[in-house]
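Tertiary structure, described
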Amino acid sequence: MYDAEGHNAPINPLPPVVTLLVVLIAAVEAIFQLGEAGIIGGATGAAWRIMIADQFGFSNAAVYLMWDTGQYPPELMVRFVSYMFVHANFVATLFSVVFILALGKFVAERVHWLAFLAIFFGSGILAALAQAIVMGRTMAMLGAGAASYGLIGALSWILFTEQRAAGQNGLRAFRLIAALGVLLAVFSILFGGHDWFERVAGFFIGFGICAALRPVAGAGLTYWRDRMRRGRDMDI
């Protein structure tokens, strides 16, 4: 970044869409922390995280209830999005914020802000749905883990296309997800849990969405529009 006089600015600003996501996640966690510290909320403040998680966390049981009854009330559908902003603890929130700050900045500077939101929320929503289908009725989800891994998928696709455009094989683009995949495997073995599935699903979904919205380096949806036009011209 440069200031008005052409000098390097000390801080490279974040894209507004990344800032907005981080502020929302941090604000929710700040309320929980203040409640748990007894600063706000009185006697019930310490239980706010559990109460909000029960009401806005993603619930596989709620998904199967909707499928069984054929009814999709808004208070259950909203969980596909709201669960990303409610984390199990401060550490989980911190990891999400760090991931979104680091990865989100890279991705948001290379795609339209609407494409960025499509990658983030699309990864979170579809990974939650995939997790419900695979893991059954009894599981639940909290936090932006799946959406954050969707950003890793987007980053991997962007690096892959840029490296291919530079005449490289593109395999170096997958070093980050390879390293994180090893860490996920180690944590799953040591501590158990099933959050590895939602994160892996988020990666592949984010990779696919970014590939659709930014198919080649430096090109967005105009690439598909131009291809369709060329196809029509050839038919004529």
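Notes on the structure follow.

1. Notes on the pattern of salt bridges
- Under the counting rule described, the total for this entry stands at 7 salt bridges.
- Residue R49 pairs with E36 through a salt bridge whose shortest N-O separation is 3.0 Å. In this pair, R49 sits in helix α2 (residues 48-56) while E36 sits in helix α1 (residues 16-36), placing the two residues 13 residues apart along the sequence.
- Here D68 ties to R137 by a salt bridge, and the two come within 3.0 Å at their closest N and O atoms. Linking D68 in helix α3 (residues 60-69) with R137 in the loop between α7 (113-135) and β2 (140-141), this pair joins segments that are 69 residues apart in sequence.
- Look at D68 and you get exposed, because its relative accessible area is 51%.
- Exposure remark for R137: the relative accessible area of 45% places this residue in the partly exposed category.
- Several salt bridges share partner residues, and in doing so they unite K105, E109, R110, E162 and R214 into one network.

2. Side note on the side chain of K105
- Here K105 shows up in helix α6 (residues 90-108).
- Residue K105 is classed as buried on the basis of its relative accessible area, which comes to 18%.
- The residues contacting K105, other than those within four sequence positions of it, are N12, P13, L14, P15, V18 and I100.

Scoring rules and cut-offs
- As a convention, each chain's residues are numbered from 1 in the sequence order in which they are written.
- Side-chain atom pairs in this predicted model are given and counted only at pLDDT of 80 or more, local residue features only at pLDDT of at least 70, and totals for whole chains, interfaces and linings cover all residues.
- Remark: hydrogens and water are excluded; side-chain values derive from all non-hydrogen atoms of the structure.
- Put simply, a salt bridge is a Lys or Arg side-chain nitrogen that is within 4 Å of an Asp or Glu carboxyl oxygen.
- Where helices and strands are cited, they refer to DSSP runs of H or I of at least four residues and of E of at least two residues respectively, numbered from the N terminus.
- Only protein chains enter the accessibility calculation, which uses a 1.4 Å probe; a residue whose area is less than 20% of its type maximum is buried, one above 50% is exposed, and one in between is partly exposed.
- Here, two residues are considered to be in contact whenever any of their heavy atoms come within 4.5 Å of each other.

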